[in-house]
Amino acid sequence: MPPVNAAMRCANFEERRERAMALFAEKGFGQVSMRELAAHVGLTAGSLYHHFPSKQDLLYDLIEELYEELQATLDQGRRAMARGASALSCLIAAHWQLHAERPMQFRLAERDLCCLSDDQQARLALLRKRYEAGLLRLIAPQAKLQGEALVATAHVVATLLNQLPGLLQALPEEQGLGLMESMLVGGLERTLR
């Protein structure tokens, strides 16, 4: 039998992750058994553990990957600022695009985070705080708010950036982006300045 090349193994792994994510998003993480997950991704229950240490580890991996992508949107905002463009406009467009590419991961991050272990939730909370702090430094470096009020504001802005694309998806993209920008800019101007 010819050896399976590494690219083929990676493609199969990614395809199985995508299938697992789709099943979790459709049914809810807690409603999916290991046997059902194995059948859905095309593996036997025994070999599933070879690919994924546990169902929770897979969910954690999917949500962690989303936070890494969200962190990368901040780099896009920094590059926009360096070009003299609006960081917030760039971030809004980047979040809209990311939501279009990964709607299931956003759903899992919001709905099924509670299914993870306390340690996994704590690690993701640190990633979210890092993302929120970077977001606020980027869009409101001169904010007058301090302490918990500033932390809460960062959390709300991040939540809006991450949820508004899903709520506005029925609108044409240009209209949705415009409405999102209007909401965020208006709120930020009154709150942070």
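Thresholds applied
- Residues numbered from 1 in each chain as written.
- Predicted model: local features only at pLDDT ≥ 70, side-chain atom pairs only at ≥ 80, totals over all residues.
- Heavy atoms only, no water.
- Helix = DSSP H or I, 4+ residues; strand = E, 2+ residues; numbered from the N terminus.
- Contact = heavy atoms within 4.5 Å.
- Expected span 1.5 Å × (residues − 1).
- Buried < 20%, exposed > 50% of the residue type's maximum accessible area, 1.4 Å probe, protein only.
- Axes fitted to C-alpha atoms, helices over the stretch in contact; angles between N-to-C directions.
- Parallel < 35°, antiparallel > 145°, perpendicular 65-115°, else oblique.
- Left-handed = near helix turned anticlockwise from the far one by under 90°.
- Nonpolar A, V, L, I, M, F, W, Y, C, P; charged D, E, K, R; others polar.
- pLDDT = per-residue confidence, 0-100.
- 1 Å grid on protein atoms, 1.4 Å probe; cavity = no way out; pocket = protein on both sides within 12 Å on 5 of 7 lines; lining within 4 Å.
- Points joined across faces, edges and corners; volume = space filled by probe spheres on them.
- Arc of directions from axis to C-beta.
- UniProt positions renumbered as here; feature names shortened; annotations may be inferred.
- Phe/Tyr/Trp six-rings, centres within 6.5 Å; stacked < 30°, edge-to-face > 60°.
- Lys NZ or Arg CZ within 6 Å of the ring centre and 35° of its normal.
- Lys, Arg positive; Asp, Glu negative; His and termini not counted.
- Salt bridge = Lys/Arg side-chain N within 4 Å of Asp/Glu carboxyl O.
- Polar contact = N/O pair within 3.5 Å; in protein donor to acceptor, adjacent residues only side chain to side chain.

## Remarks on the environment of Gly42
Thought 1: Examined against the element boundaries, Gly42 turns out to sit in the loop between α2 (34–41) and α3 (45–51).
Thought 2: Put simply, Gly42 and Ser182 are 140 residues apart on the chain and 45 Å apart in space, counted from C-alpha to C-alpha.
Thought 3: Residue contacts for Gly42: discarding those within four places in its chain leaves Arg16 and Arg19.

## Focus: helix α7 (residues 118–139)
Thought 1: Between its terminal C-alpha atoms α7 stretches 31 Å, which fits the 32 Å expected from 22 residues at 1.5 Å a residue.
Thought 2: Listing the buried residues of α7 in full gives Gln120, Leu124, Arg128, Tyr131, Glu132, Gly134, Leu135, Leu136, Leu138 and Ile139.

## Topic: the packing of helix α5 (residues 87–101) against helix α8 (residues 147–167)
Thought 1: Here α5 crosses α8 at 55 degrees, and the two axes come no closer than 9 Å. In this view, α5 runs oblique relative to α8, as classed from their interaxial angle. For the crossing formed where α5 meets α8, the hand is right-handed. Between α5 and α8, the contacting residues are Leu91, Ile92, His95, Trp96 and His99 on the first element and Leu161, Asn162, Pro165 and Gly166 on the second.
Thought 2: Considering only residue class, the contact of α5 with α8 consists of 5 nonpolar, 4 polar and no charged.

## Side note on the confidence of the model for the protein chain
Thought 1: Chain-level pLDDT for the protein chain is 86 on average; 93% of the residues reach the 70-or-more range.
Thought 2: Within the protein chain, no element has a lower average pLDDT than helix α1 (residues 6–27), which sits at 74, and none a higher one than α7, at 93.
Thought 3: Low pLDDT (under 50) marks residues 6–10, which in the prediction has 1 contact with non-local residues, meaning those over four places away or in another chain.

## Examining empty space enclosed by the protein
Thought 1: For the structure shown, the criterion picks out 1 cavity of 30 Å³ or more.
Thought 2: In this structure, the largest cavity encloses a volume near 50 Å³.
Thought 3: In terms of lining residues, the largest cavity is bounded by Leu66, Tyr67, Leu70, Phe106, Ala109, Glu110, Arg128 and Asn162.
Thought 4: Residues belonging to the lining of the largest cavity are distributed by class as follows: 5 nonpolar, 1 polar and 2 charged.

## Remarks on α2
Thought 1: For α2, the complete set of buried residues consists of Leu37, Ala38 and Val41. Burial along α2 is one-sided: seen end-on, the buried residues are contained in an arc of 100 degrees. Exposed residues lying more than 90 degrees from the buried face of α2 are Arg35 and Ala39.

## Digging into the UniProt feature "DNA-binding region" (unreviewed entry) in the protein chain
Thought 1: The sites that carry the UniProt feature "DNA-binding region" (unreviewed entry) are, in the present numbering, residues 33–52.
Thought 2: For the annotated span residues 33–52, helix accounts for 75% and strand for 0% of the residues, and the straight-line distance between the end C-alpha atoms is 14 Å.

## Here we look at the side chain of His99
Thought 1: For His99, the location among the structural elements is in helix α5.
Thought 2: Ignoring anything within four residues of it in the chain, the contact list for His99 reads Phe106, Asn162, Pro165 and Gly166.

## Examining the packing of aromatic side chains
Thought 1: Enumeration according to the criterion identifies 1 aromatic pair in this entry.
Thought 2: Note on Phe24 and Phe29: the rings are 5.0 Å apart at their centroids and 65 degrees apart in plane angle, and the pair reads as edge-to-face. Assigned by exposure class, Phe24 and Phe29 land together as buried.
Thought 3: Taking NZ or CZ as reference, Lys55 lies 4.5 Å from the ring centre of Phe29, over its face.

## Examining the side chain of Arg16
Thought 1: Mapping Arg16 onto the fold places it in helix α1.
Thought 2: In this structure Arg16 is buried but unpaired, with Glu15 as the nearest side chain of opposite charge at 7.1 Å.
Thought 3: Within the local environment of Arg16, its side chain forms a polar contact with the backbone oxygen of Val41, the two atoms lying 3.2 Å apart.
Thought 4: Leave out the neighbours within four places in its chain, and Arg16 touches Val41, Gly42, Leu43, His51 and Phe52.

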